[in-house]
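Residues per chain are reported as follows:
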Amino acid sequence: MSRPLEPTTSAFPDWLTGPLIGIVVAAGYFVGAWLGVTQTISPEGKAIIWPPNAVALAALLLLPRHRWPWVIPAVLLAEIAADLPAFPLWSAVAFGLINLFEVFLAATLIRWLSGPRFDFDSLSRGACFLLFGPLLAATLAAFLGAGVYLALGKEASAYFAYWQMWWFGDALGLLILTPLLVVAVRQFDELRTRWNRARAAEAIAVAALVITLGFLVHSVGSGTRISQPLSQILLLPPVFWAAARFGVPGAASAVALAATVSIGFMVHWDSLPPGLAPETAILALQEFLAVAAIVGVGLGLMLGDLRASREGLRAAHDELERKNRELEERVAERTQALRDANQRLEAIASTDALTGIANRWHFLEVAQREVHRRHEADSGSGLALLMLDLDHFKQVNDTYGHPAGDHVLHTLALTIRDNIRPLDLCGRFGGEEFLILLPEADGETTRAVAERLREAVAATRFEYQGQQLEVTVSVGLAVWDGQEDVDELIQRADTALYRAKHRGRNRVEGDIPETSPGDPKASA
Ligand SMILES: Nc1nc2c(ncn2[C@@H]2O[C@H](COP(=O)(O)OP(=O)(O)OP(=O)(O)O)[C@@H](O)[C@H]2O)c(=O)[nH]1
């Protein structure tokens, strides 16, 4: 049975829902009243627990407000039907109205404070139920109920005894049964999905323990068999077990079972502890069951709250971690993008746009670093510089146009790059002048490289828009003397280049020292 009292969008016609609610509530109320009158009446005629109000209150807590009116005739008719054998009609109607007052007052206040969809799902809602149901509404109703008993001819001196009987019976019924009925409807789906064999076995074990302990508590020490009775407190551990493992449904079920066993023993087997007046024993049982219900259900609610806040914390923690990961990924992406952009910027800042080789500033920076490194290390490793200049380049521009000249410069850069080692550096010094830095090169190697470049340029076909362009270069070389700085080195290469131009172009000039840094002869 799933949520029988809930309004649904099922195929069920709406006009039938109200009457059906009335029938279900009336049947539940009548069964509760019948159980209260026939099964929980002590030998002295007192109902230990009054279950029907729990049915009516559960219905009001579960139903939408516009269905509430159906509860009124249901409760009145069921009350009259249950009472008529023992009470006159007017008093049955009065009892019904008082019970209606009790449950409507409790439901109105509970829902007013805890919201329209009531459930036993938090400690605060449980406290709200306890305050307005068993404590307030049942107490007030008991004053009216005791008045009816007086009107029925009971002695005025017994007023408070009836008041107490009414309150305890009603409060106990509400405390034990309302949570059970409400969670059975509200949490049915959740209970069903979490149900498995292990949980079923554990539930049976708890139930068996409750029954066994209930049997022991009410049989050992009763009558004259054993003089020392066992305390009812023994029934609390299985209630706590049920609360801890099964939450509010478990706690409410365990208390209901304990109540059934205890009341059964007291009413049907007359198992009163020796020397205890029946009224005192019943009061003690009622008090114990009330405490067990409050503590058991309260524990279930508290653990539920704890679990919910732990899950909330875990969810928040997971969310935080996810956000952190996202942030880290984004930072890593941005860092990489920044690094790429920096690299691009560095490349742009150090590259000559026309030829794609190092520009003047980058070349000078590297050359200075190389010279500085050799100074610092006092290293004699070789270093040489070539200065290359196109011959009669002005004619190229003048004859074929500036774009043709640009094309020649670009092709020349490629030709140079193809004819030097990866560790050599080629840069554009300005205009049609190029510099080449040759680390670890001695004089002979430097001249060989210069000659190779000169020949390679002379042999290269410079083609522009179908026209062949004859291009040669003059080269000035300078081998680092181990002392001079970069400017001085460039100056010497420039002087050699000037000489090459002067001596007819398309040639290499430059003094090669007998020994240069890096030569074995130099260190000898
Ligand atoms: N197309 C082009 N021409 C350039 C560039 N930079 C410099 N030039 C030209 O290079 C030419 C250099 O001419 P000059 O200094 O007279 O030298 P030259 O004609 O090569 O004669 P020598 O060097 O004495 O053989 C000038 O016409 C400049 O305009 C450039 O980036 N692109």
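What counts, and where the lines are drawn
Here the residue numbering is sequential within each chain, running from 1 through the sequence in written order. Thresholds applied to this predicted model are a pLDDT of at least 70 for local features of residues and 80 or more for the giving and counting of side-chain atom pairs; totals over whole chains, interfaces and linings are not thresholded and use all residues. Neither water nor hydrogens contribute to the side-chain values; these are computed over all heavy atoms in the structure. UniProt positions are given in the numbering used here, feature names are shortened, and annotations may be inferred rather than shown by experiment. Every helix listed is a DSSP run of H or I at least four residues long, and every strand listed is a run of E at least two residues long, numbered separately from the N terminus. Relative accessible area decides the class of each residue, using a 1.4 Å probe on protein chains only: under 20% of the type maximum gives buried, over 50% gives exposed, and in between gives partly exposed. Residues are treated as being in contact if the distance between any of their heavy atoms lies within 4.5 Å. With residues, only the protein chains shown are counted as cover, and all accessible areas are computed by Shrake-Rupley using a 1.4 Å probe. Criterion used throughout: strands pair if DSSP finds at least two bridges between them. Under this scheme, a helix contributes an axis fitted over its contacting stretch, all axes are lines through C-alpha atoms, and angles between N-to-C directions fall in the 0 to 180 degree range. A pair is scored as a salt bridge if a Lys or Arg side-chain nitrogen falls within 4 Å of a carboxyl oxygen belonging to Asp or Glu. Here a residue is near a molecule or strand as soon as one of its heavy atoms is found within 4 Å of it. Pairs of N or O atoms within 3.5 Å make up the polar contacts considered here, provided that, within protein, one atom can donate a hydrogen while the other can accept it, and that residues adjacent in sequence are counted only when both atoms are side-chain atoms. Definition of nonpolar core: a set of buried residues of the types Ala, Val, Leu, Ile, Met, Phe, Trp, Tyr and Cys, connected through side-chain atoms within 4.5 Å. Within a predicted model, pLDDT stands for the predictor's per-residue confidence, ranging from 0 to 100.

In the annotation of an unreviewed UniProt entry, the protein chain is listed under the name diguanylate cyclase and assigned to Thiohalospira halophila DSM 15071. Of the protein chain, the UniProt comment under Subcellular location (unreviewed entry) reads exactly: "Cell membrane".

## Let's talk about the overall build of the protein chain
For the protein chain, the helix and strand inventory stands at 16 helices and 7 strands. In the protein chain, which comprises 524 residues, the share counted as buried stands at 47%. The contacts of the protein chain with a sequence gap of at least 6 include a subset with a gap of at least 24, amounting to 72%. Within the structure as shown, the protein chain displays about 26,600 Å² of accessible surface, and the carbon and sulfur contribution to it stands at 61%.

## Some points on the environment of Ala146
Positionally, Ala146 belongs in helix H5 (residues 123-151). A residue is classified by how much of its surface remains accessible, and Ala146, at 0% relative accessible area, is buried. In this structure the C-alpha to C-alpha distance between Ala146 and Gln164, which are 18 residues apart in sequence, comes to 8.5 Å. If sequence neighbours within four positions are ignored, Ala146 has contacts with Tyr159, Tyr162 and Trp163.

## Remarks on the sheet that holds strand S3 (residues 433-439)
Taken together, 5 strands build an open sheet; the order of strands is S2-S3-S1-S6-S7 and the sheet is mixed. Pairing within the sheet leaves two strands with one partner each, and these edge strands are strand S2 (425-430) and strand S7 (508-509). Looking at chain direction, strand S6 (residues 473-479) and S7 are connected through 2 bridges and run parallel. From the neighbouring strand, Gly476 faces S7, where its bridge partner is Glu509. In the packing of helix H11 (residues 360-376) onto the sheet, contacts are made with strand S1 (383-390), S2 and S3, and the angle to S3 comes to roughly 25°.

## Observations concerning the pattern of salt bridges
In this structure the tally under the stated criterion is 25 salt bridges. Between Asp398 and Lys394 there is a salt bridge, with its nearest N and O atoms 3.0 Å apart. Of this pair, Asp398 and Lys394 both sit in helix H12 (residues 393-400), 4 residues apart, which is roughly one turn of the helix. Of the two residues, Asp398 and Lys394, both sit in the exposed class. A salt bridge links Arg454 to Glu455; the shortest N-O distance between them is 3.9 Å. For Arg454, a relative accessible area of 15% puts it in the buried group.

## Comments concerning the site of the ligand
In the neighbourhood of the ligand, 16 residues make up the surrounding shell, with His392, Phe393, Lys394, Asp406 and Arg428 lying closest. In the environment of the ligand, an oxygen atom lies 2.7 Å from a nitrogen or oxygen atom belonging to the backbone of Phe393. A distance of 2.8 Å separates a nitrogen atom of the ligand from a polar atom in the side chain of Asn397. Taking 660 Å² as the accessible area of the ligand by itself, protein coverage stands at 68%. For the shell around the ligand, the elements supplying multiple residues, two or more each, are S1, H12 and helix H13 (402-418).

## Remarks on unusual backbone geometry
Residues other than glycine seldom take positive phi values, yet His392 does so here, at roughly 50°. Its place among the elements puts His392 in the loop between S1 and H12. Owing to a relative accessible area of 42%, His392 belongs among the partly exposed residues under this scheme. Phi is positive for Gln465, which is not a glycine, with a value near 45°.

## A word on the nonpolar core
Residues Leu57, Leu61, Ile110, Phe120 and Phe129 are the most contacted members of the largest nonpolar core, which totals 43 residues. For this core, the secondary-structure elements that each account for two or more residues are helix H1 (14-39), helix H2 (52-62), helix H3 (71-83), helix H4 (89-114), H5, helix H6 (159-186), helix H9 (236-268) and helix H10 (278-350). The element best represented in this core is H2, accounting for 8 residues. Of all hydrophobic cores here, the second largest spans 32 residues; its members include Val396, Leu409, Leu438 and Tyr464.

## What about the confidence of the model for the protein chain?
Scored by pLDDT, the protein chain has a mean of 90; 92% of the residues are at 70 or more. Scored below 50 in pLDDT, residues 1-8 makes 15 contacts in the model with residues more than four places away or belonging to other chains. A low-confidence stretch, residues 520-524 stays under pLDDT 50, and its non-local contacts, those more than four residues away or across chains, total 5 contacts. Interface confidence in the predicted complex, given as ipTM, is 0.96; pTM for the same model is 0.63.

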